[in-house]
Structures are given as C-alpha cells and as structure tokens.
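These are the residues of each chain, in order.
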Amino acid sequence: MSMKDKMEAEVVEAELVLPSYLSFKRVQMYEKYPKGQARGRHWKHLKQIIQAENYQNYPPDEPNYVNIESPPSIHPCKRICDITGFEAPYYDPRTNLRYANADVFKVIRSLPNEYVQRYLALRNAAIVLK
C-alpha cells in the first residue's frame, strides 16, 4: 500500500465532518430565504390593515383609516416664508410678509406695494397698506 492510500484510509476512518455552512462564506439568498418566504420587512396594504382591524366596532366619530374626518389639529400651523417657501421665524411689521432670513428681508423691502399685496392675497391675508 502506498503512502497516499494510507492517508486516504486514515481520513475516511477518522470520519471528518465538515460543517454544512462556513461562517466566513457568503450565504446565498436561496439558502437564507427558502422559496415562498418573505424577504426583509413586510409592508401591509391599506386593505390588509382594514381587514385586520375591526372598524365596525369603533364609534363613528373617532378618526381612523376608514373615516377621513378628524377634528382640527391642536398644534399651531407652521409659518412659511412668502417668498422662498421655507419655514419663516420672522415677519416684517411694515408689509406683514413672513421671511426666512436677512437676504429675503432685503428683497421684501425692495418690493413695490402691489407685489406685496399679491403675496398677501395668496396667503388670504390681504390688507390695505398705507
């Protein structure tokens, strides 16, 4: 018997068992998720939410997914800059226009009165300025 045959016989006799999954190897998607199993996060559709919840038992005046009517918000509405559309922490007392920063303030002060009135009309805050 040759040396090679002896070594092969010893390996067979030792019954070396290799793990079926090696931690350093990348796991294939088909091994990780068997056929038919969902992958990652599962999002529910509105129809599924409605079926899961029993909305017939809720009072009709309580807002939910089926009932669109809800009471007015208790939080104050955000003030938006009339020129840029960004959130506006300031307003100009002379023109009553809201603005986001000093650059917009310079633009507001350089606007003619008719343009200021148009901006105020867009916000339904049109007043006659003197």
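Cut-offs used in this document
- Residues numbered from 1 in each chain as written.
- Predicted model: local features only at pLDDT ≥ 70, side-chain atom pairs only at ≥ 80, totals over all residues.
- Heavy atoms only, no water.
- UniProt positions renumbered as here; feature names shortened; annotations may be inferred.
- Helix = DSSP H or I, 4+ residues; strand = E, 2+ residues; numbered from the N terminus.
- Phe/Tyr/Trp six-rings, centres within 6.5 Å; stacked < 30°, edge-to-face > 60°.
- Buried < 20%, exposed > 50% of the residue type's maximum accessible area, 1.4 Å probe, protein only.
- Core = buried A, V, L, I, M, F, W, Y, C linked by side-chain atoms within 4.5 Å.
- Contact = heavy atoms within 4.5 Å.

Draft legend 1. Region of the structure containing the UniProt feature "domain: Vps72/YL1 C-terminal" (unreviewed entry) in the protein. Cross-referencing UniProt, the feature "domain: Vps72/YL1 C-terminal" (unreviewed entry) maps to residues 79-108 in the present numbering. As a span, residues 79-108 carries 23% helix and 13% strand, and end to end its C-alpha atoms are 16 Å apart.

Draft legend 2. Geometry of the packing of aromatic side chains. What the rule picks out here adds up to two aromatic pairs. Judged by centre distance (4.9 Å) and plane angle (40°), the ring pair of Tyr-99 and Phe-105 falls under tilted. Given a relative accessible area of 25%, Phe-105 falls into the partly exposed group. Three or more aromatic residues link up through ring pairs in this structure, and these residues are Tyr-90, Tyr-99 and Phe-105.

Draft legend 3. Molecular detail of the nonpolar core. Within the largest apolar cluster, 10 residues are counted, these being Cys-81, Ala-88, Leu-97, Tyr-99, Ala-100, Val-104, Ile-108, Leu-111, Val-116 and Leu-120. For Leu-111, the residues in contact, after removing those within four places along its chain, are Ile-83, Leu-97, Val-116 and Tyr-119.

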